[in-house]
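Okay, here's what each chain looks like letter by letter:
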Amino acid sequence: MFNYKCTSCGKDYGRDEVRYLCPACSKDYKPGMPLKGVLTAEFDYDEIRAKFSKDNPDLNLFSAVEKEFYPEFFHGNTPFHKSARLSGLTGFDNLYIKNDSLNPSGSYKDRASFLVVAEAIRIKEEKIVAASTGNAASSLAAVCASAGKKALIFVPESAPKAKLLQMHVYGAEVVTVKGTYDEAFRMSMEYTEKNGGLNRNTAYHPLTIEGKKTSALEMYVQNGFKAPNAVLVPVGDGVIISGVYKGFYDLKMCGLIEKIPRLICVQSESSNAIHNFIESGVYKDAANPATVADSISVKTPSNAYMARNAVVSTDGFSVTVRDEDIMKAQKTLAGNTGIYAEPSSSAVLTGLLKAKNNFDNKEQIVLLITGSGLKDTAATAKYLNG
Ligand SMILES: [Zn+2]
């Protein structure tokens, strides 16, 4: 069906030969470093092309797990539409929104959780473990609930209350960590190394990237079988932007599109490790990643290498934004589209406005909205009252 290819050394592995990273490239890995040896799934693109029909487009042809293993969790197929009001306000004639806040758990992460849980069903793992800033965990808890699997979550105690509540109401086992996301990541890795279970950590499990590619496939279909010109993506760990890249890459490999859209990385000014890596080519942790946009607050982004490649190889660029501008954008977005996005997602509108001169006002630009504002109302309240 597919082979894994190491993004660091290029070595191929059979689907069931490896589970997480390329063993050769990850042998010196320790938590606290961006991951090396992240695997990517390479399909038989000629076969997909032969089966793909525009009359009845079946996006499951691109899936790394067979349909028979899918949990009963209905996500994706989120709205993709032009916003005339936002276009008018910003001066861009073709400004589009892909609204992934409408997934069942309220975030883009449902795409990755779905595929990893499908994989757990396929390989008969009962427990799925993850570290998260909040959204990936509440999403994993939701998908596990739908499949009758156990979710074990490591999450910083500072995660927004609504996200913590979600994990509990879905029935997950939750370990709150006195520390940052990076600390939760380390603990979850130690747990699966010692006790087993399937680790869903973002990028560490290659199917998180595969799951996150599906928004690109959907946009292609929803856009009349065309790729847009540019997509702005909020970036923390770098996995969503790598997933969006992979979706368009698959379409290009099948000959269905000619060019992958320019991918624009939007980070918070303080959580800027990938931004600096894109600009300088030299990787360094973010010194102090504290930001109102909790979903993209990361000191050591696990998928820094792939994220940089997604931006550089598509002639994209990176921009950082300030917290106060993110919160202004949240209100602008909500007040002009009816979409209440969480701070990380509102950041893409700020990024567009800040980098205005890097776009042509006729090109088709997409703002990727990855999470609902209802998951962190405290951030909004603080800004509105402040
Ligand atoms: Zn390798």
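Quick caveat: nothing in here was measured; it's all calculated off a predicted structure. (Residues numbered from 1 in each chain as written. Predicted model: local features only at pLDDT ≥ 70, side-chain atom pairs only at ≥ 80, totals over all residues.)

J.: What is the right way to read the overall build of the chain from this model?
T.: Counting its secondary structure elements, the chain contains 14 helices and 13 strands. Projected onto the principal axes, the alpha-carbon positions of the chain cover approximately 50 × 50 × 40 Å. Here the chain holds 386 residues, and 55% of them are scored as buried. Summarising the internal contacts of the chain: among those between residues at least 6 apart in sequence, 71% fall at separations of at least 24. (Helix = DSSP H or I, 4+ residues; strand = E, 2+ residues; numbered from the N terminus. Buried ≥ 20, exposed ≤ 12 C-beta atoms within 10 Å, placed from the backbone. Contact = placed C-beta atoms within 7 Å.)

J.: Which parts of the structure should I look at to understand the pairing of strand S13 (residues 364-369)?
T.: A regular strand places its side chains so that they alternate between the two faces of the sheet. The element S13 is largely enclosed, with a buried count of 5 among its 6 residues. Where strand S10 (residues 230-234) lies against S13, 3 bridges are found, and the strand directions are parallel. Note on S13: the bridge partner recorded for Leu-232 is Leu-367. (Pairing = 2+ DSSP bridges.)

J.: Explanation requested: the nonpolar core in the structure shown.
T.: Ile-153, Leu-232 and Val-233 are the most contacted members of the largest nonpolar core, which totals 115 residues. Not counting residues up to four positions away in its chain, the partners in contact with Val-233 are Ile-240, Ile-241, Val-244, Leu-263, Ile-264, Cys-265, Val-266, Val-348 and Leu-368. (Core = buried A, V, L, I, M, F, W, Y, C linked by C-beta atoms within 7 Å.)

J.: For this particular structure, what's the right way to read helix H12 (residues 323-337)?
T.: Because an α-helix completes one turn every 3.6 residues, residues spaced three or four positions apart along the sequence face the same direction. Here H12 contains 15 residues, and its C-alpha end-to-end distance of 21 Å stays within 8% of the 21 Å for a straight helix at 1.5 Å per residue. Those residues of H12 hidden inside the fold are in contact with helix H2 (84-90), strand S5 (94-99), strand S12 (317-321), helix H13 (343-354) and helix H14 (377-385). Just beyond H12, the residue with positive phi is Gly-338, at close to 80 degrees. (Expected span 1.5 Å × (residues − 1).)

J.: What should I look at first to understand the sheet that holds strand S3 (residues 39-43) in this one?
T.: Two strands in a sheet stick together by hydrogen bonds in their backbones, pointing the same way (parallel) or opposite ways (antiparallel). Here we have 3 strands laid out as an open sheet, ordered S2-S1-S3, and antiparallel in their pairing. Looking at which strands have only one partner, the edges of the open sheet turn out to be strand S2 (12-13) and S3. Summarising the sheet, strand S1 (residues 2-6) and S2 pair through 2 bridges and their orientation is antiparallel. Its bridge partner being in S2, Tyr-4 is matched across the sheet by Tyr-13.

J.: How should I be thinking about the environment of Leu-217 in this particular structure?
T.: Note that Leu-217 resides in helix H8 (residues 214-222). Setting aside residues no more than four positions away along its own chain, Leu-217 makes contact with Leu-59, Phe-62, Gly-247 and Leu-251.

J.: Which parts of the structure should I look at to understand the domain arrangement of the chain?
T.: Interfaces are often sized by the accessible area lost when the parts come together. Partitioning the chain into structural domains gives domain 1 (2-69), domain 2 (80-107 + 208-385) and domain 3 (110-206). Relative to domain 3, the C-alpha centre of domain 2 lies at a distance of 23 Å. Listed as interface residues are 27 residues of domain 2 and, on the opposing side, 26 residues of domain 3. It is helix H7 (residues 206-212) that provides the largest number of residues to the side of domain 2 that touches domain 3, a total of 5 residues. (Domains from an automatic or database assignment.)

J.: Just to check I follow, could you spell out the packing of H12 against H13 for this structure?
T.: Packed helices, taken two at a time, are described by their axes: the angle between them and the distance between them. Interhelical geometry of H12 versus H13 gives an angle of 90 degrees and a closest axis separation of 8 Å. Relative to H13, the element H12 lies roughly perpendicular. Across the interface between the two elements, Asp-325, Ile-326, Met-327, Ala-329, Gln-330, Thr-332 and Leu-333 of H12 pack against Pro-343, Ser-346, Ala-347, Leu-349 and Thr-350 of H13. Taken together, the residues of the contact of H12 with H13 break down into 7 nonpolar, 4 polar and 1 charged. (Axes fitted to C-alpha atoms, helices over the stretch in contact; angles between N-to-C directions. Parallel < 35°, antiparallel > 145°, perpendicular 65-115°, else oblique. Nonpolar A, V, L, I, M, F, W, Y, C, P; charged D, E, K, R; others polar.)

J.: Explain unusual backbone geometry here, please?
T.: Residue Asn-77 is not a glycine yet carries a positive backbone phi of 45 degrees. With respect to the element layout, Asn-77 can be found in the loop between helix H1 (45-51) and strand S4 (80-82). Residue Asn-77 is classed as partly exposed on the basis of its C-beta count, with 14 C-beta atoms lying within 10 Å. A positive phi angle, close to 75 degrees, is found at Ala-203, a residue other than glycine. Secondary-structure assignment places Ala-203 in the loop between strand S9 (198-199) and H7. On the neighbour-count criterion, Ala-203 (28 C-beta atoms within 10 Å) is buried.

J.: Looking at this structure, I do not really get the packing of H8 against helix H9 (residues 239-253). What am I missing?
T.: Where H8 meets H9, the axes come as close as 6 Å, and the angle between the chain directions of the two elements is 50 degrees. By the criterion of interaxial angle, the relationship of H8 to H9 is oblique. Residues Thr-214, Ser-215, Ala-216, Leu-217 and Tyr-220 of H8 touch H9, and the partners they reach there are Val-244, Gly-247, Phe-248 and Leu-251. In the contact of H8 with H9, the residues fall into 6 nonpolar, 3 polar and no charged.

J.: Any chance you could explain helix H11 (residues 304-312) here in plain terms?
T.: The buried count for H11 comes to 7 of 9 residues, which makes it a mostly enclosed element. The elements touched by buried residues of H11 are H9, strand S11 (262-268), helix H10 (273-280) and S12.

J.: Looking at this structure, I do not really get the environment of His-81. What am I missing?
T.: Counting through the fold element by element, His-81 comes out in strand S4. Along the backbone, His-81 and Val-366 are 285 residues apart, and their C-alpha atoms lie at a distance of 9.1 Å. If sequence neighbours within four positions are ignored, His-81 has contacts with Tyr-96 and Ile-97.

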